[in-house]
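Close look at the chain arrangement
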2 protein chains.
Amino acid sequence: MFRQNFDDELNDLHVRFSEMGMMVNEAIYKSVNAFINHDKTLAQEVIDADVQINEREVDLEKRSFEMIALQQPVTTDLRMIVTVMKASSDLERMGDHAVSIAKSTIRVKGNTRAPEIEETLAQMATKVKQMVEEVLDAYVKSDEKRARKIAKEDLLVDEFSNKIYKMCIKQMQEDSDTIIGSMDYMLVDSYLERIGDYVTNICEWIIYLDTGKLIELNSNSKEENVL
Amino acid sequence: MFRQNFDDELNDLHVRFSEMGMMVNEAIYKSVNAFINHDKTLAQEVIDADVQINEREVDLEKRSFEMIALQQPVTTDLRMIVTVMKASSDLERMGDHAVSIAKSTIRVKGNTRAPEIEETLAQMATKVKQMVEEVLDAYVKSDEKRARKIAKEDLLVDEFSNKIYKMCIKQMQEDSDTIIGSMDYMLVDSYLERIGDYVTNICEWIIYLDTGKLIELNSNSKEENVL
């Protein structure tokens, strides 16, 4: 009976964590769409919804803490709860970066547009969104191998980042009127790149969950990063 | 006897956490000095030392986990251990950003220098370093009020960031030869700004430690951020 109760609570914790992940994924997706389409209403929606993501983190934290204190789990059970505690902070910060993208959208004042760079940013965002979805799935399945594979995909995000950096530099050098607009593009690029880093962090927690080992994935990838 | 043992272990955990914090602080300080003085040897030192910071995080994680599993602490004791688990991840990532600054130093190829911007970056780094030292002290003393005060100082870091952004834009608009160099300055600026955000995270953990409440400090400050 005691064990059944614990398993139910643990399952509930996983479900709530996944739901939080989906809320964050939606925020990222919407924020980039808002930026690209200059949609300030949608951007405001992302900003307003962030309070729910924060509440979800607090709720997960509270539940995890109580489960540890009251049920005193050990080994794998304890590790599962610790992972939720750790990874929910990463999710929450991914949500914060979506908010930052939304805020850049609201701040932009009709700068010269660069459709090619915007298109590349959209592709980068699609890649990041796909990674977020994959990492949530790998978490639910506690799939260590998949987590390693997803973390490697972050190198593609870094490639997008480098490409956007070069496009922005070129554009700024050719036409100084585009400097402020290009800095905005670099800004959104840097937020997406950070979200990719958080996905990598969650991959590290999945490996920890599965093996008990804390490892650093992509520790050299940052060498390639430009912003 | 049991309690005495637990208290000793907890004290040891705090000491090790503080030591890790000092290692990170040194890495940040050295990386910015290396960048400003174009000192690639010092930059390499920061990169090489990061492995020790990572090992320290793994060690803290392991000790915390074992303390929870073996001693089954509740309430305040448990919260202290959870805080170390959470905040050590933040420290580790601050170290990663110091490495990123060091890597930018190694990548730079004799761009046109801008002494004024470098001076402002140095001031920003001094502020960040001071905040890191303060937050470690507030952690040791579990001083919630001080943590709130330190988090507010992050707004000064954001002000430095805005100032550097404006200086870089101006310089790039005036002379397109400075675009690549200015992007490097923006890059280092963004790493310092992220380190400031992590200090704010640790402030949040200190408040959690002291009150059991998870709150988000500076949630609106990002509105002012430019990168």
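Because the structure is a prediction, the values reported are computed rather than measured.

1. Concerning the overall build of chain A
Secondary structure summary: chain A contains six helices and zero strands in total. Traced from its N-terminal end to its C-terminal end, chain A shows the element sequence α-α-α-α-α-α. Here the C-alpha radius of gyration of chain A, 19 Å, is about what a compact globule of 227 residues would show, namely 17 Å. Seen through its C-alpha atoms, chain A measures out along the principal axes to roughly 70 × 35 × 20 Å. Looking at chain A as a whole, 60% of its 227 residues are labelled buried. At a minimum sequence separation of 6, the contacts of chain A that also span at least 24 residues come to 83%. Surface summary for chain A: the accessible area is close to 9300 Å², and the carbon and sulfur share equals 51%.

2. Some details on the relation of the copies chain B and chain A
Relative to chain A, chain B is turned by 180° and slid 0.0 Å along the rotation axis, the superposed coordinates differing by an RMSD of 0.0 Å. Those values place the two copies in the arrangement expected of a two-fold rotation axis. Ranked by how close their C-alpha atoms come to the rotation axis, the residues of chain B are headed by Q72(B), at 3.0 Å. Comparing contact sets, 100% of the residues at the interface of chain B also lie at the interface in chain A, consistent with an isologous, same-surface contact.

3. Some thoughts on the packing of helix α3 (residues 75–107) of chain B against helix α6 (residues 179–211) of chain B
The description of two packed helices rests on the angle between their axes and on the distance between the axes. Residue and element names in this part refer to chain B. Closest axis-to-axis distance for the α3/α6 pair is 10 Å, and the angle between their directions is 170°. Compared by their axis directions, α3 and α6 come out roughly antiparallel. Across the contact of α3 with α6, the residue classes break down as 18 nonpolar, six polar and eight charged.

4. Some thoughts on the pattern of salt bridges
Enumeration over the complete set of coordinates arrives at 36 salt bridges over all chains. Here R16(A) makes a salt bridge to D59(A), at a shortest N to O gap of 3.4 Å. Of the two residues, R16(A) sits in helix α1 (residues 2–36) while D59(A) sits in helix α2 (residues 40–71), which places them 43 residues apart along the sequence. Classification of D59(A) by relative accessible area gives partly exposed; the value is 22%. Where E118(B) meets R113(B), a salt bridge forms, and the shortest distance between an N and an O atom there is 2.9 Å. Judged by its relative accessible area of 41%, R113(B) falls in the partly exposed class. One network of salt bridges, with partners in common, ties together D12(A), R16(A), D59(A) and R63(A).

5. Thoughts on the interface of chain B and chain A
Facing 50 residues of chain B, the contacting portion of chain A comprises 50 residues. A buried area of about 4400 Å², summed over both sides, lies between chain B and chain A, and 58% of it is on carbon and sulfur atoms. Across the chain B-chain A interface, the total number found is six salt bridges. With a closest N to O distance of 3.9 Å, R194(A) and E193(B) form a salt bridge. Every element with two or more residues in the side of chain B that touches chain A is listed here: α2 (40–71), α3, α5 (144–174) and α6 of chain B. Sort the elements by how many residues they give to the side of chain B that touches chain A and α3(B) lands first, with 14 residues.

6. Some details on the environment of L156(B)
Take L156(B): it is sitting in helix α5. Along the sequence, L156(B) and V128(B) sit 28 residues apart, while their C-alpha atoms lie 9.4 Å from each other.

7. Description of unusual backbone geometry
Backbone geometry at S142(A) places phi at a positive 45°, although glycine is not the residue there. The phi angle at Q72(B) is positive, at roughly 45°, despite the residue not being glycine. Turning to its location among the elements, Q72(B) is positioned in the loop between α2 and α3. By relative accessible area, which is 28% here, Q72(B) ends up partly exposed.

8. Things to note about the packing of aromatic side chains
Evaluation of the coordinates by the stated rule reveals six aromatic pairs over all chains. A centroid spacing of 6.2 Å and a plane angle of 80° characterise the contact between F35(B) and Y185(B), whose relative ring orientation is edge-to-face. Of this pair, F35(B) sits in helix α1 (residues 2–36) while Y185(B) sits in helix α6, placing them 150 residues apart in sequence. Residue classification places F35(B) among the buried residues on the basis of a relative accessible area of 6%. The cationic tip of K129(A) hangs over the ring face of Y29(A); the distance from NZ or CZ to the ring centre is 4.8 Å.

9. Structural notes on the nonpolar core
Counting 154 residues, the largest nonpolar core has M94(A), L121(A), L192(A), M94(B), L121(B) and L192(B) as its most contacted members. Sequence-distant contacts of M94(A), defined by excluding residues within four places in its chain, comprise V24(A), I28(A), V132(A), I195(A), Y198(A), V199(A) and I202(A).

10. A closer look at the UniProt feature "domain: PhoU" (unreviewed entry) in chain A
All names here are of chain A. When the UniProt feature table is mapped to this numbering, "domain: PhoU" (unreviewed entry) covers residues 18–104 and 121–206. The span residues 18–104 is 93% helix and 0% strand, and its two end C-alpha atoms sit 27 Å from each other. As a span, residues 121–206 carries 92% helix and 0% strand, and end to end its C-alpha atoms are 28 Å apart.

What counts and how
Residues numbered from 1 in each chain as written. Chains lettered and ligands numbered in written order. Predicted model: local features only at pLDDT ≥ 70, side-chain atom pairs only at ≥ 80, totals over all residues. Heavy atoms only, no water. Helix = DSSP H or I, 4+ residues; strand = E, 2+ residues; numbered from the N terminus. Rg over C-alpha atoms; globule rule 2.2 N^0.38 Å. Buried < 20%, exposed > 50% of the residue type's maximum accessible area, 1.4 Å probe, protein only. Contact = heavy atoms within 4.5 Å. Areas by Shrake-Rupley, 256 points an atom, 1.4 Å probe, with all protein chains shown as cover. Least-squares fit on C-alpha atoms with pLDDT ≥ 70 in both. Axes fitted to C-alpha atoms, helices over the stretch in contact; angles between N-to-C directions. Parallel < 35°, antiparallel > 145°, perpendicular 65-115°, else oblique. Nonpolar A, V, L, I, M, F, W, Y, C, P; charged D, E, K, R; others polar. Salt bridge = Lys/Arg side-chain N within 4 Å of Asp/Glu carboxyl O. Buried area = accessible area lost by both parts, 1.4 Å probe. Phe/Tyr/Trp six-rings, centres within 6.5 Å; stacked < 30°, edge-to-face > 60°. Lys NZ or Arg CZ within 6 Å of the ring centre and 35° of its normal. Core = buried A, V, L, I, M, F, W, Y, C linked by side-chain atoms within 4.5 Å. UniProt positions renumbered as here; feature names shortened; annotations may be inferred.

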